[in-house]
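These are the residues of each chain, in order.
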Amino acid sequence: GALIFLYSAVLFGTIIHESSAAEVAIDANVTTVILAQQKSGKSVVCTTDAFCYAFYIDVNNDLSYQKSTDGGASWAGTPTVLDAGTWVAFGVWYDQWTPGDTTGTYIHIAYYSIADDIMYERLNTSGDTNLGTEAVIASTGAQGSLTTSNDVAISKGTNGDIYAATVDTTAPTAPANFTHVCPNGSDCTLDASWASAGANPWDGTGDDTDGDHDIVLLPLPDDASHDAGDMMLVSLDVADGTVEYKVYDDSANAWATDFTNLPTGATDSTTYTHTLSGTVATSTGVIYVSYIHNAGTADTGEVRAAKYTGGSWSSLTAPWPASTDGTSIV
């Protein structure tokens, strides 16, 4: 199939797409609050070589999307509003990004406003239908204080459970529920279908104390190290300059005791935030993460990457190593 480079970015209030051929404007009327678009979670889903969906917060602060039917060469032009409101953050997960799911058609979306409610919505790519009303994953105060600087993650386990997570940037160890689950078979568009996924992963001991984290949530394979439905929470700890992880045991409904550092960390930036990203190989269950070290700094800025397989992490060759020309900035 065709391979294109597709991303969404905020450039003077415009969502853009770039392939190897040209740069195309998706929507020129989006919110200019950079952090409303700049999160660790994905914002673009391609279900085939031709059909792609770009999600974003529009100029009215509504959660919106546009669709391309030609692999991103052109877009609908008029956004479809999934939820009108004052939204400041979102993340998406497509069913078939989870290993073992080859037929799912839902795009799952977690999003929130500064009113501190984490919401759930889904789009059925079979007919582009929006099923049911949005659900409140966690109501005001149950997940700490949310601002534009918080990160948000959503994912689907190999057992079909849907997970959503965030972290309070000012009080991560507060007695709040930062991770939530909707069990497989439940209607996730109903508030009552969502419950806490274990206790707060940031429990105040070891490395679990700092605020200001980038986070991604990824499904683990059913293998010798993990069971079906187990999840991994990866965090770039801004204060410590480390990339760390913690595993959720689905059958025990509990997180591991402490976060464990990856072999290579990163010095994050308070200006260029949420540089963490992650994915899972659907054929093997291997987890990959990438992140930027010294974002915005000439010569020392670089993209780093690591993979998780067989129960352990290993660092990969930097996809974009630090330059030496004195001007190049990642």
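Details of the structure are given in the entry above.
Residues numbered from 1 in each chain as written. Predicted model: local features only at pLDDT ≥ 70, side-chain atom pairs only at ≥ 80, totals over all residues. Heavy atoms only, no water.

### Thoughts on the nonpolar core
Consideration 1: The biggest cluster of nonpolar side chains holds 54 residues, and the ones touching the most others in it are F55, V289 and W313.
Consideration 2: If sequence neighbours within four positions are ignored, V289 has contacts with L218, V234, L262, L276, S277, G278, R304, A305, A306 and W313.
Consideration 3: Core analysis: the next-biggest nonpolar cluster, separate from the first, contains 15 residues, W202, L217, M231 and Y248 among them. (Core = buried A, V, L, I, M, F, W, Y, C linked by side-chain atoms within 4.5 Å. Buried < 20%, exposed > 50% of the residue type's maximum accessible area, 1.4 Å probe, protein only. Contact = heavy atoms within 4.5 Å.)

### Section: unusual backbone geometry
Consideration 1: For N294, which is not a glycine, the phi torsion comes out positive at approximately 55°.
Consideration 2: Within the element layout of this structure, N294 appears in the loop between β22 (287–293) and β23 (302–309).
Consideration 3: Looking at N294, the relative accessible area reads 19%, which means it is buried.
Consideration 4: Non-glycine residue D299 carries a positive phi angle of around 75°. (Helix = DSSP H or I, 4+ residues; strand = E, 2+ residues; numbered from the N terminus.)

### Things to note about the state of the cysteines
Consideration 1: Here the structure, examined in full by the defined rule, presents two disulfides.
Consideration 2: The residue that forms a disulfide with C46 is C52, at a sulfur-sulfur distance of 2.1 Å. The S-S bond linking C46 to C52 shows a torsion near 105°; that makes this disulfide right-handed.
Consideration 3: We classify C46 as partly exposed; its relative accessible area is 31%. (Disulfide = S-S within 2.5 Å.)

### Things to note about the pattern of salt bridges
Consideration 1: Under the defined criterion, the tally for this structure stands at five salt bridges.
Consideration 2: Measuring nitrogen to oxygen at the nearest pair gives 2.9 Å for the salt bridge that ties K67 to D128. You can see K67 sitting in strand β6 (residues 63–68) and its partner D128 sitting in the loop between β10 (118–124) and β11 (135–138), a full 61 residues away along the chain.
Consideration 3: Where R122 meets D187, a salt bridge forms, and the shortest distance between an N and an O atom there is 3.9 Å. With a gap of 65 residues between them, R122 in strand β10 and D187 in the loop between β14 (179–182) and β15 (195–196) connect regions that are remote in the sequence.
Consideration 4: Residue D187 is classed as partly exposed on the basis of its relative accessible area, which comes to 32%. (Salt bridge = Lys/Arg side-chain N within 4 Å of Asp/Glu carboxyl O.)

### Regarding the side chain of D230
Consideration 1: Its location among the elements puts D230 in the loop between β16 (213–219) and β17 (231–237).
Consideration 2: In this structure D230 is buried but unpaired, with K246 as the nearest side chain of opposite charge at 15 Å.
Consideration 3: Side-chain polar atoms of D230 contact the backbone nitrogen of D227, separated by 3.0 Å.
Consideration 4: A distance of 2.9 Å separates a polar side-chain atom of D230 from the backbone nitrogen of D250.
Consideration 5: Excluding residues within four positions of it along the chain, D230 makes contact with P219, L220, Y248, D249, D250 and S251. (Lys, Arg positive; Asp, Glu negative; His and termini not counted. Polar contact = N/O pair within 3.5 Å; in protein donor to acceptor, adjacent residues only side chain to side chain.)

### A few points about the pairing of strand β18 (residues 242–249)
Consideration 1: In terms of residue burial, β18 counts as a mostly covered element, since seven of its eight residues are buried.
Consideration 2: Judged from the seven bridges that link them, β17 and β18 form a sheet pairing that is antiparallel. By the bridge assignment for β18, V234 is matched with Y245.
Consideration 3: Hairpin geometry of β17 and β18 is characterised by an intervening segment of four residues between the two adjacent antiparallel strands and by a positive phi of about 70° at G241. (Pairing = 2+ DSSP bridges.)

### A look at the environment of D299
Consideration 1: Secondary-structure assignment places D299 in the loop between β22 and β23.
Consideration 2: Between the alpha carbons of D299 and T324 there is a distance of 5.3 Å; along the sequence they are 25 residues apart.
Consideration 3: Here D299 is in contact with A322, S323, T324, D325, G326, T327 and S328, once residues within four sequence places are set aside.
Consideration 4: At 3.3 Å, the side chain of D299 and the backbone nitrogen of D325 are in polar contact.

### A word on the packing of aromatic side chains
Consideration 1: Tallied over the full model, the rule gives 13 aromatic pairs.
Consideration 2: Summarising the aromatic geometry, the rings of F178 and W202 are spaced 6.4 Å apart at their centres and angled 70° between planes, so their arrangement reads as edge-to-face. You can see F178 sitting in the loop between β13 (162–166) and β14 and its partner W202 sitting in the loop between β15 and β16, a full 24 residues away along the chain. By the burial criterion, F178 is buried, and W202 matches it. (Phe/Tyr/Trp six-rings, centres within 6.5 Å; stacked < 30°, edge-to-face > 60°.)

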